[in-house]
Amino acid sequence: MGSRTSPISPPVTIRRAVARDAKRLTRLVRGSGAYRGEYAAAVAGYRVGPDYIEAHRTFVAVGADEQEGRILGFYSLVLDPPELDLLFVADEAQGRGIGRLLVSHMRSEARAAGLDRVEVVSHLPAEDFYHRVGAVRTGTALANPPAVPWDRPEFEFRIPPE
């Protein structure tokens, strides 16, 4: 029997985001490779502010062994209505299991909050990711020009009780 190593290397920890993380989260969103080209306008002026972090359950994945805990990714869970509002992994950290780790953490947070489902309106390039981490396609969010000029897939995470 062979051994498996975690795809996350070096170690990653997840902690609650704090107000001083706001600028780094904003940079992560605006610098995302998934929002280049035709999608760039969607995040060009986007801002994750301290008020947003305080209003929602926002968590960051940080490199446990890195100076000042570099933020590798983050998510934001809105409780009412239940929605995974933001989920980003830094381009250079993709493929290491960080997105999967964040989704697992989000599911635990949703369960702890008494939620039985969490909706996601996905960015088109992230559609396959959501399938891989267990989200179920539920529909399509229609374009809303000029802010979002393309249709987007809608998903749902079902959160079973423990």
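In case you missed it, the structure is sitting above this.
## Remarks on the side chain of Arg107
Following the sequence through the fold, Arg107 ends up in helix H3 (residues 98-112). No salt bridge is formed by the buried Arg107. Its closest oppositely charged neighbour is Glu156, at 9.9 Å. In this structure Arg107 touches Val133, Gly134, Ala135, Phe157, Arg158 and Ile159, once residues within four positions along its chain are discounted.

## What about the pairing of strand S7 (residues 152-158)?
Where strand S5 (residues 117-121) lies against S7, 5 bridges are found, and the strand directions are antiparallel. Looking at S7, one finds that Glu119 is bridged to Glu156. Bridge count for strand S6 (residues 136-141) against S7 is 5 bridges, and the pairing is antiparallel. Considered in S7, the bridge of Arg137 is made with Phe155.

## Some thoughts on the packing of aromatic side chains
Taken as a whole and judged by the stated rule, the model has 7 aromatic pairs. Aromatic pair Tyr39 and Trp150: ring centres 4.8 Å apart, planes at 85°, arrangement edge-to-face. With Tyr39 in the loop between helix H1 (22-30) and helix H2 (50-55) and Trp150 in the loop between S6 and S7, the pair connects residues that are 111 residues apart, well separated along the chain. For the pair shown, Tyr39 and Trp150 are each scored as buried. Consider the rings of Tyr130 and Phe157, whose centres lie 6.2 Å apart with planes at 65°: the pair is edge-to-face. A residue pair is termed long-range when its members are at least 10 positions apart, and Tyr130 in helix H4 (residues 127-132) and Phe157 in strand S7 qualify at 27 residues.

Analysis parameters
- Residues numbered from 1 in each chain as written.
- Predicted model: local features only at pLDDT ≥ 70, side-chain atom pairs only at ≥ 80, totals over all residues.
- Heavy atoms only, no water.
- Helix = DSSP H or I, 4+ residues; strand = E, 2+ residues; numbered from the N terminus.
- Buried < 20%, exposed > 50% of the residue type's maximum accessible area, 1.4 Å probe, protein only.
- Lys, Arg positive; Asp, Glu negative; His and termini not counted.
- Salt bridge = Lys/Arg side-chain N within 4 Å of Asp/Glu carboxyl O.
- Contact = heavy atoms within 4.5 Å.
- Pairing = 2+ DSSP bridges.
- Phe/Tyr/Trp six-rings, centres within 6.5 Å; stacked < 30°, edge-to-face > 60°.

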